[in-house]
Amino acid sequence: MEGAGAGAGFRKELVSRLLHVHFKDDKTKVSGDALQLMAELLKIFVVEAAVRGVRQAQAEDAILVDVDQLEKVLPQLLLDF
Amino acid sequence: MEEEAEAEEQQRFSHQQRLKAAVHYTVGCLCEEVALDKEMQFSKQTIAAISELTFRQCENFAKDLEMFARHARRTTINTEDVKLLARRSNSLLKYITDKSEEIAQTNLERKARKKKKSENGNHNSRELAEAGVVESEK
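Going by an unreviewed UniProt entry, chain B carries the name Centromere protein S and comes from Cebus imitator.

In the nomenclature of an unreviewed UniProt entry, chain A corresponds to Centromere protein X from the organism Cebus imitator. Quoted verbatim from the Sequence similarities (unreviewed entry) field of the UniProt record, the comment on chain A reads "Belongs to the CENP-X/MHF2 family."

Next up on the list: the packing of aromatic side chains. All names here are of chain A. In the structure shown here, the tally under the stated rule is 1 aromatic pair over all chains. On the numbers, 5.0 Å between centres and 90° between planes, the contact of Phe-45 with Phe-81 is edge-to-face. With Phe-45 in helix 2 (residues 32–59) and Phe-81 in the segment after helix 3 (67–80), this residue pair connects regions lying 36 residues apart in the sequence. Accessibility classification places Phe-45 together with Phe-81 in one group, the buried group.

What follows covers the pattern of salt bridges. Residues and elements named next belong to chain B. Per the stated rule, a full pass over the model turns up 14 salt bridges over all chains. Here Arg-74 makes a salt bridge to Asp-81, at a shortest N to O gap of 2.8 Å. Given the relative accessible area of 29%, Arg-74 is considered partly exposed. Exposure remark for Asp-81: the relative accessible area of 3% places this residue in the buried category. Glu-102 is the partner of Lys-99 in a salt bridge, and the nearest nitrogen-oxygen pair spans 3.3 Å.

Reading guide: rules and limits
- Residues numbered from 1 in each chain as written.
- Chains lettered and ligands numbered in written order.
- Predicted model: local features only at pLDDT ≥ 70, side-chain atom pairs only at ≥ 80, totals over all residues.
- Heavy atoms only, no water.
- UniProt positions renumbered as here; feature names shortened; annotations may be inferred.
- Phe/Tyr/Trp six-rings, centres within 6.5 Å; stacked < 30°, edge-to-face > 60°.
- Helix = DSSP H or I, 4+ residues; strand = E, 2+ residues; numbered from the N terminus.
- Buried < 20%, exposed > 50% of the residue type's maximum accessible area, 1.4 Å probe, protein only.
- Salt bridge = Lys/Arg side-chain N within 4 Å of Asp/Glu carboxyl O.

Here it is, written out as structure tokens:
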């Protein structure tokens, strides 16, 4: 997996809101550390999708990453996550 | 009260829209970084697709996390639950486990520094203010 450097990322508050929307139980909470870790996981998810898209585009000699390239890398991406 | 239900539905919808917009922004930033690094552009549709995908993936993540915590008879989701999410790929699991240790270490150090400062009496106010600035930047 590609390492993700410092830079853009998901804010803890956004991650918290994204998760809470889907919780079935009102009492469910997320620890601070878990939120930070989830932010990393989501970042990796996005970066992997992007990088795999790039590799596909390069393999096809495409000039940019379009949905056609993304579609091809999606199945494996979802299996890996 | 159909009107109430409709208003509630609309509120939920716009809340979701705002969340999606926030995700879209972050996804855009991350893709921009990758684009610069790999010298390859992304079409707008691709960024939108990744953004939609990420948003939907959060539903799976959230439900799984809640179940994992409940399985362990907890109401608070912790890092162990998150690591369980990353079990499908070995390299992903390793990356997340390493990150988890890094986070724990950083937070431990921050707490130790805070404790040290509060034990330092007079030097308190300026250093605590600095620590406050550092935290709000995160």
